[in-house]
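Below are the chains, spelled out letter by letter.
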Amino acid sequence: MPHHVGPGGRGILELIVFVSGGVLLSLEIVASRVLAPYFGNSIYVWGSLIGVFLTALSLGYASGGRLADRHPTASVFASVVFLAGLLTVPIPWLAAPVLERIAASTIIPPELKPLTSAIVLFGAPSIVMGMVSPFAVRLRADAIGTMGQTAGNLYALSTVGSIAGTLATSFVLINYVGVRTLIHLLGFALLVIALLGWVSARRPVTAAVGAGLTALLAVGVERTAAAAPAALVYSRDTVYHRITVWDDGPLRYLKLDNFTHTGIDRTEPRRTVYSYADYLHLPRLFVADPTRVFLIGLGGGTVPTRWVADYPSVTMDVAEIDPEVVTAAERYFGLEPGARMRVTAEDGRHHLRRSDTRYDVILIDACLIDAIPFHLATREFFTLARSRLAPGGMVAMNVIGALAGRESQLFPAIHKTMREVFRTVYVFAVFLDKDPDPTHPRNVVVAATDEPALTRDEIARRARDLVDRGVVSVDGFVQAAANLYDGPVETAGVPELTDDFAPVDALVRRR
């Protein structure tokens, strides 16, 4: 590193390039966990983050090159890195108020809220980090004849740092370090290597001032470390979700990203907190005596726990893609896997693909308010599920959306797709008796079978018979069956979902 570079300067420059590259990509990945509690993990979130970080890099490359030409000194170079750290450390302090205001905004279109948030929180530090590589090239370029080799080597080193940051964050850090702490650590990593750069450039006064400011920030981080609210029971960031468990009086809730997925009453565990879970017992109307049941999506485990407890002949397989969700369900919601309930941490579609078991009932409970795994809603998936059903079997899927109107996009698309695969499709809308307006979003259970369709009267008779004989003890089962929606489902304007084309993020209701 020319221009006031000490004996170890050349190594310091490479270290700065490597670390800044790693911090940048690590920050991009962890940024998804910052936005998830407010906007989920949809393609809009990831598209916004990738777009913002790439744009920031472009701006950083251009501005970094200009600054390096005007002030080609190691001291200024270190100052750029220090500024990047100063802009990174406060992100956890700013995130909640910024995201709450953006999420509540009635001016910003819902699809643009993740983009706006990414720009506000991550735009500035990413631009400054983008300045590092071209600045380093300028400092390292000893001769025009080797400029290409110098630039190539330094950009390769930055990319290797980005790869290391990506892998370390994805496979290690995000599983063991909280999001707030991780972002603070990334910021302090930049501050520390900037101090090394100043020392190497023989700028002791500047380094001392920077060290003092770094120490003050460290004290601030320590003092403002978020104390867990009294009601918070558990919180963890995983590869797939931010998991939060909290208590509200006797009720305990499980939240995945920005959606509360499960609730239980700890004083009355059999009581249903979220009514849609009772609707997942409706396949008992159509399958007389199920023995093998498969569930995709665990949540807190209330659905499989109730199925196994209520129906002694049932053996249940459960696929939950996030192993930490399984752990949380066991630890905080009373899930007890055993001989009659086997829980595996894997993708549900993958389970069906590798399994040769024929199930009487397949339940899909993986839909969130603002996201749905697209590969669990396509024609190919339903065809696979159909091939794994025993004769007379049924697939039932929990969907969130409206039955009709402007908010109705995802449900009609799934309904249309299931009708292409199955002979008969039923629609049961939660709270249809209390709120008959089909344009209001709600949980909808879409049930499909190859058996002939039953009439509304036959469904009602079967529901009453199952309750009277004590086969089904779910509260409100008869009313759930009565909430059969037999109105028109407008599918002309929505696509049939396939593995090749399944724009589920665009179809999900936006708030």
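Remember, it's a predicted structure, so these values are computed and weren't measured experimentally.

(A) Examining the overall build of the chain more closely. Regarding its fold elements, the chain presents 18 helices and 11 strands. With the C-alpha coordinates of the chain rotated into their principal frame, the extents come out at 90 × 45 × 45 Å. In the chain, which comprises 511 residues, the proportion classed as buried is 53%. At a minimum sequence separation of 6, the contacts of the chain that also span at least 24 residues come to 75%.

(B) Quick look at helix α9 (residues 204-223). Here α9 spans 28 Å end to end across 20 residues, near enough to the 28 Å set by a 1.5 Å rise per residue. Of the positions making up α9, those classed as buried are A207, G210, T214, L217 and V221. Axial view of α9: buried residues confined to an arc of 85°, hence all on one face. Opposite the buried face of α9, at more than 90 degrees from it, the exposed residues are P204, V205, A208, V209, L216, E222 and R223. Those residues of α9 that are buried lie in contact with α3 (74-88), α4 (91-104) and α8 (179-200).

(C) Representation of the nonpolar core in the model. Core analysis: the largest hydrophobic core is formed by 56 residues, its most contacted members being L27, V34, L49, F77 and F122. Considering each element in turn, this core owes the most residues, 13 residues, to helix α1 (residues 9-39). For F122, the contacting residues outside a window of four places in its chain are L27, A31, V34, L49, F53, I91 and S117.

(D) A look at the environment of T260. Secondary-structure assignment places T260 in strand β4 (residues 259-265). Residue classification places T260 among the partly exposed positions, given a relative accessible area of 23%. Separated by 131 residues in sequence, T260 and P391 have C-alpha atoms that sit 35 Å apart. Not counting chain neighbours up to four residues away, the residues in contact with T260 comprise W246, Y253, L254, K255 and Y274.

(E) Broad picture of the side chain of D317. Looking at the element boundaries, D317 is found in strand β6 (residues 315-319). The residues touching D317, leaving out its near neighbours within four places in the chain, are R292, V293, F294, L295, R342, H351 and Y359.

(F) Expanded view of helix α12 (residues 323-332). All of the buried residues along α12 are E324, V325, V326, A328, A329 and Y332. Residues of α12 that are buried sit in contact with β1 (232-237), β2 (242-248), β3 (251-256), β4 and β7 (341-344). Where α12 begins, the capping side chain belongs to D322, and its oxygen is found 2.9 Å from the backbone nitrogen of E324. A positive backbone phi angle near 75° is found at G334, which sits one or two residues after α12.

(G) Here's a closer look at the pairing of β2. Bridging between β1 and β2 involves five bridges; their strand directions are antiparallel. Within the sheet, the bridge partner assigned to D237 lies in β2 and is R242. Hairpin connection from β1 to β2: four residues lie between these consecutive antiparallel strands. Pairing of β2 with β3 involves six bridges; the strand directions are antiparallel. Opposite W246, over in β3, you have Y253 as the bridge partner. Connecting the antiparallel pair β2 and β3 is a turn made up of two residues, with G249 showing a positive phi of about 65°.

Definitions and cut-offs
- Residues numbered from 1 in each chain as written.
- Predicted model: local features only at pLDDT ≥ 70, side-chain atom pairs only at ≥ 80, totals over all residues.
- Heavy atoms only, no water.
- Helix = DSSP H or I, 4+ residues; strand = E, 2+ residues; numbered from the N terminus.
- Buried < 20%, exposed > 50% of the residue type's maximum accessible area, 1.4 Å probe, protein only.
- Contact = heavy atoms within 4.5 Å.
- Expected span 1.5 Å × (residues − 1).
- Arc of directions from axis to C-beta.
- Core = buried A, V, L, I, M, F, W, Y, C linked by side-chain atoms within 4.5 Å.
- Polar contact = N/O pair within 3.5 Å; in protein donor to acceptor, adjacent residues only side chain to side chain.
- Pairing = 2+ DSSP bridges.

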